[in-house]
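Coordinate analysis (summary)
The residues making up each chain are set out below.
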Amino acid sequence: MDQGAGEKPVPIQITVLRGKNMGVNKGESALNFVRAEFNSIILGESQKLNASADLTLEYNFTCSFDCFGETNTLDDLAHKPVILTAVEILPKEQKKQKEEKTTVLGQGVVDLLPLLHGQRSFTSTVVLHPTPGSPAESASQEDNSKPSLDVTICATEPLLSDAQLSSSNLLRVLVEAAYAVPDVWSPAAPASYVVGFQVPLSAEKDQVLLLSKGLLKTGGEKEPLPRPKKWPLGPLLAPGADCIPGAFIEADPIEMESGELTGMEDREFRTEAEVDRKRVCWDTERRCFLDAETAACLTRRITHCRLWPVEIGRVPQTGLSRGGKPARDKAQVEDEAQLSFHGVVYVDLAPLLYPGVRRIHGAYSLHPFYEADMQDKTKRSTSILREGVRQLRQQGVGRAPPSVGSAPCRTASGKTLDKGAKGPKEATKKPGTQEKSLLPEISTDVDTPENIEGQMYTEARTYIVIEIALEKPLVPKRPPEELAKRVRELIAARPLAPRRPAGAERAVQQYQDQVASVAAHLLEQYQQLFGHALASGSHQLDPTAQEERKTQLIGELNYSGKYFAFKEQLKHSVVRIVREKMLCTEPFRDQERLQAFLSQLYVFLVDEMHVALNKTFLADPQDDRPPSQVDCTQLRHFAREAQLNQDYQLAATFYQERLARDQRNPEHWFDYGVFHMLTRDYLKAEECFREAVSISPVHLPSLLMCGILAEMAGRTEEAQTYLEGATCVDPTSVVAWTLSGLFYEGREDTIQAEMAFLEGNAQLRAAVAGTRPAEREFGAKVQEEPDSGSCDSSTTTAEGVGEKTQSIQGIRPVTPGQNPSIPQPLCTPLRPNTSIYMETAHFLLENNALQMAQRALAQELLCPGGGPRCSYHLALARLQLMSGEFSSAEVSLQKALKDDIESPDTWAWLGHLHYLKGNYSQAQECYERTLDFVKDAADPHTVYLRLGQIYLQEKQFEKAKITHLQACKSSASCLSWLGVGAACYRLGELTEAEDALTEANALNNTDAEVWGYLSLVCLQTGRQLEAEQTYKYAMKLNLQKETLLQEIKDLQAQVGFGNPCF
């Protein structure tokens, strides 16, 4: 901010065009002129004009000053206005009166900030605030009109080039008020309440800023909002002239603040303090111009030390004797004036390094000042307030201070200091009057071991409200459009390949294609034979003529050999239909069965021939195929069951079937990618997730998983793009913000990680409350205490949250009626006593991202609000179980049971552990205990299936039947109905067994065990043909269960049929 060295001075012209409502002494002749002042220097006075009532005066007064000189820098333009004073000269009342009587009518200010925004000139209407007791005050009260001046500010050339304008910044520090100040403070004891802080002046220098206009007020009413901000100047002659035009202090909700005292327990105290307790109000804003080097220096300072000390103190005022002479000499002042009630607040500036954040605002607790604490927290040991007040006192004693209304004076060491507050008598003094400073020099003695007066701040719970804002963020945030573009560059949207039929469907499709080809050749032959007759437009033929043409066509086909060529063309496709569709691969020994099969084949081929001809000759053929009884949701459920049984090949088949039905659904690709995460095939998993993103760039879970896999592969920039894109797609996602924090923490970027964790906590609190955080003006919301670390406030209670609670784990699957480009809200309810790390760990465990889940659980363990509790131990046990660490998982589950022995999920996972280890008796006990609880487990279907299988092994068939029926009730599947059918068969209930097995076969006709049990039922009921057919399917599907296969063969040998090989 020490601009101007070596730069060419730029003149800035101030032109006062005219004044309105300047005639206030009605019936009297008076002269009126305007004085302009900037930076403690009077720039000039206008000509004296005769003013009458309601007269507009044309001043046309121009004055100027040079910017970039030794005294007027860009920082001066940022925080110092041009002060315009209107003075009225009354005629002499008596001849003996030597001088005319002058009266200050009012004062106004012009903000020069537009010049720093690139404007070369601007025009402003400046309202003149009347001075107390002046004629303008009474006149404005009568007709409610204030005098004003039309002013034009013009710079001969731009103060900043385009490059400087884009790289510069503006820092605003607003000190509002200190609340709940010690009760010993009394307005009867005049004192100056001073706030001091330090900001970079340039890349090499710092400047100390003092705000000494604190006004002590008693309680009784709340400070009005909005209220104007004030210039960091001494008291002006006119009340109201020290307010910054158009700048007001607005009300901010406590939950949107970024300081301390934001908890629910603090809000009641703050409400009481801001109404009933004493307070000191400054309402002063200091603006600091930052060039590119200074802004970079500020960024480095915050990175090096995130806490910024703001000191506060109380300095007694020393009175003046009459005539302006000091009532005490300098030695007496030094003895009596002490800096008392020395306190400090530590403002955490790290949020200003969050991407896109330009403003922090909040209440900060005031602590007693100790040099040791200052050294520990800020790496500084010197009091800037004590040093600043001492230097200001040295300049003020024995010489004249700057004129009234001027801003800070410059010290010999290059530090800039606000001058002290003026006494009440200065309100009537003219600018330039010689007088003593009211801020005395303070003692330089070493601090006492205990700051007794400062301890009163702690006892009274004093806090000060401060706002720090930047015109541009120190760390720019990439816009969502750029992130979306980068994601598209990484994953280009491309059309999916068309579905290709396979197996029996492919054989039928090939037959239909061959029929269509033969039909086209037949039409061509017919055209050659009878085309001339058709071209002549002859009438419709009678049946005899049609029969003659048919005979002629067949004769021509036989004569030319095309008939045999057409038969050979169809032969291969018919053979494939017999083998793959009709499942006939062995010769027939029985002539009757052969004839029955040929009849069935003939009917099928004729039907398919008609289908092919309809497709060929009809413009819009109708598809009469019945809809499938299994939808994509059931296929996903079947795949999950196959995963539980570790039948990964069958699970992959179900996932592929979902993709074959709808390749444009990103959820299908995402689930298939999660399956590959389970099998540790990360390349295929990433391919699936990228396919999902290429279909829907706003599919949040796929974006997150792409980021996780990119980080696992060491592609950090790509991972950052995916994770930032996820937070832009759904800014309310707790999981997206938490994963971003874990990613930045892995890169040791603590500030970015902290920002992401805080935003995740904010979204979690909003989800618990059932509301969404309001949009913030300057970027992401930040909320933490200075020394809390990145784990504070990470635990939030979610008890009592109903269906209105927003979910936070992923997005709802896209249904056919929804637009895949619009992210859907999450629908999974929050877990009780949850935290951002636990919610993220559950998301990662559900999607088999074990490495990142381990990091999330580590953060939960380190977090002060989290720690080892039941939910943590349960999640850790799931992680260990999925990693194959059975012993460690058992220890974690036992710890979870110690914390909550009535947790059905813990008992369920303990049962899964024993089931996988082969301890079926212990697994049975755990599963039975899980089902005895009033509250269901998160996944009761798996419990029912595995418990039913244990009952079947233990030959407790009645219990197995009931348990599998419960599984069918919760979520019907092939395995659940198979369990019912097996239990009913063992109980001798063949009709019920066949019904259950038929249901299982309708849901999945590729389960060999279902066909095996159906074969047993058919053998028991004496149905030979069905027994052989079901046995054939069981064998073709490769029945692996040896005991069941041996039972079928034994029963076949007993009844004498059922095996086609007999």
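Residues numbered from 1 in each chain as written. Predicted model: local features only at pLDDT ≥ 70, side-chain atom pairs only at ≥ 80, totals over all residues. Heavy atoms only, no water.

When helices and strands are counted, the protein shows 36 helices and 26 strands. Among the 1062 residues that make up the protein, the fraction classed as buried is 51%. Restricting the contact set of the protein to residue pairs at least 6 apart, pairs at least 24 apart contribute 71%. Only carbon and sulfur atoms are counted for the fraction: they give 50% of the accessible area of the protein, which is about 50,300 Å². (Helix = DSSP H or I, 4+ residues; strand = E, 2+ residues; numbered from the N terminus. Buried < 20%, exposed > 50% of the residue type's maximum accessible area, 1.4 Å probe, protein only. Contact = heavy atoms within 4.5 Å. Areas by Shrake-Rupley, 256 points an atom, 1.4 Å probe, with all protein chains shown as cover.)

Note that soluble globular proteins tend to have their nonpolar side chains buried in a common cluster. If you look at the biggest cluster of nonpolar residues, it comprises 59 residues, and the most contacted ones within it are Tyr 927, Tyr 985, Tyr 1013, Leu 1016 and Ile 1048. The element contributing the most residues to this core is helix α34 (residues 1008-1021), with nine residues. Residues in contact with Tyr 1013, not counting those within four places in the same chain, are Leu 978, Ala 982, Tyr 985, Arg 986, Leu 997 and Leu 1044. Counting residues in hydrophobic clusters, the runner-up holds 50 residues, among them Ala 685, Ile 708, Tyr 837 and Ala 856. (Core = buried A, V, L, I, M, F, W, Y, C linked by side-chain atoms within 4.5 Å.)

Here we take up the packing of helix α13 (residues 543-560) against helix α14 (residues 562-581). Between α13 and α14, whose axes approach to 5 Å, the crossing angle comes to 80 degrees. When the interaxial angle is binned, α13 and α14 end up roughly perpendicular. Contacts from Leu 557, Asn 558 and Ser 560 in α13 reach Lys 562, Tyr 563 and Phe 566 in α14. Per-class residue counts for the contact of α13 with α14 are three nonpolar, two polar and one charged. (Axes fitted to C-alpha atoms, helices over the stretch in contact; angles between N-to-C directions. Parallel < 35°, antiparallel > 145°, perpendicular 65-115°, else oblique. Nonpolar A, V, L, I, M, F, W, Y, C, P; charged D, E, K, R; others polar.)

Spatially, the four strands line up as an open sheet ordered β5-β1-β10-β8, and their pairing is antiparallel. A strand with exactly one partner marks an edge of an open sheet, and here the two such strands are β5 (57-67) and β8 (121-127). On average, each strand axis in the sheet is tilted by 20 degrees relative to the strand beside it, whichever way the strands run. In the sheet, strand β1 (residues 10-20) pairs with strand β10 (residues 148-155) via eight bridges, with the strands oriented antiparallel. From the neighbouring strand, Gln 13 faces β10, where its bridge partner is Cys 154. (Pairing = 2+ DSSP bridges.)

Read across the open sheet, the five strands follow the order β13-β12-β18-β19-β21; overall the sheet is antiparallel. Looking along the sheet, the strands with just one partner apiece sit at the ends: β13 (206-211) and β21 (367-368). Bridging between strand β18 (residues 307-316) and strand β19 (residues 340-348) involves seven bridges; their strand directions are antiparallel. Directly across from Ile 312, in β19, lies its bridge partner Gly 343.

A ring pair, where both rings are aromatic, is described by two values, the distance of the centres and the angle of the planes. Enumeration according to the criterion identifies 21 aromatic pairs in this entry. Taken together, a centroid distance of 4.4 Å and an interplanar angle of 15 degrees make the contact between Phe 38 and Phe 65 stacked. Taken together, the positions of Phe 38 in strand β2 (residues 30-38) and Phe 65 in strand β5 put the pair 27 residues apart, joining distant regions of the chain. Grouped by ring-pair contacts, the aromatic residues Trp 185, Tyr 193, Phe 341 and Tyr 457 constitute a single cluster. (Phe/Tyr/Trp six-rings, centres within 6.5 Å; stacked < 30°, edge-to-face > 60°.)

Turning our attention to the pattern of salt bridges. Taken as a whole and assessed by the stated rule, the structure comprises 42 salt bridges. In this structure, the salt-bridge partner of Arg 878 is Glu 846, at a minimum N-O distance of 3.2 Å. Pair noted here: Arg 878 is in helix α26 (residues 870-882) and Glu 846 is in helix α24 (residues 836-846), with a separation of 32 residues, a long-range link. The exposure class of Glu 846 is partly exposed, given its relative accessible area of 39%. Across the salt bridge formed by Glu 1047 and Arg 986, the nearest N and O atoms sit 2.7 Å from each other. Taken together, the residues span a long stretch of sequence, with Glu 1047 in helix α36 (residues 1042-1055) and Arg 986 in helix α32 (residues 974-986) at a distance of 61 residues. Owing to a relative accessible area of 24%, Glu 1047 belongs among the partly exposed residues under this scheme. Taken together, the shared-partner salt bridges in this structure form one network comprising Arg 18, Lys 20, Glu 58 and Asp 150. (Salt bridge = Lys/Arg side-chain N within 4 Å of Asp/Glu carboxyl O.)

Buried residues dominate strand β7 (residues 101-110), accounting for eight of its ten residues. In the sheet, strand β6 (residues 82-90) pairs with β7 via nine bridges, with the strands oriented antiparallel. By the bridge assignment, Ile 83 is partnered in β7 with Val 109. Here two bridges tie β7 to strand β9 (residues 129-130), and the two strands are oriented antiparallel to one another. Residue pairing for β9: Gln 107 is matched across the bridge by His 129.

Mapped onto the elements, Leu 352 comes out in the loop between β19 and β20 (359-365). Taking the C-alpha atoms as reference points, Leu 352 and Ala 469, separated by 117 residues in sequence, lie 8.6 Å from one another. With near-sequence residues (within four places) excluded, Leu 352 lies in contact with Ile 302, Val 357, Arg 358, Arg 359, Ile 360, Ile 468, Leu 470 and Leu 474.

A word on α36. Given a rise of 1.5 Å per residue, 14 residues ought to cover 20 Å, and the 20 Å separating the end C-alpha atoms of α36 matches this to within 8%. Where α36 is concerned, the buried positions are Leu 1044, Leu 1045, Ile 1048, Leu 1051 and Gln 1052. The buried side chains of α36 occupy one side of the element, clustering within an arc of 130 degrees when seen end-on. The outward face of α36, more than 90 degrees from its buried face, is lined by the exposed residues Glu 1042, Thr 1043, Ala 1053 and Gln 1054. In this structure, the buried residues of α36 make contact with α32, α34 and α35 (1024-1036). (Expected span 1.5 Å × (residues − 1). Arc of directions from axis to C-beta.)

It is worth spelling out the confidence of the model for the protein at this point. Averaged over every residue, the pLDDT of the protein is 81; the share at 70 or more is 80%. For the protein, strand β22 (residues 409-410) is the element with the lowest average pLDDT, namely 37, and strand β24 (residues 463-470) is the one with the highest, namely 95. Note on residues 397-448: pLDDT under 50 across the span, and 137 contacts to partners over four residues away in sequence or across chains. Counting contacts from residues 774-828, a segment whose pLDDT is below 50, to residues more than four positions away or on other chains yields 139 contacts. (pLDDT = per-residue confidence, 0-100.)

With that settled, the discussion passes to the pairing of β13. Counting buried positions over the six residues of β13 gives five, a clear majority of the element. With six bridges joining them, strand β12 (residues 191-200) and β13 adopt antiparallel strand pairing. Looking across to β13, one finds that Gln 198 is bridged to Val 208. In sequence, β12 turns back onto β13 through a hairpin of five residues.

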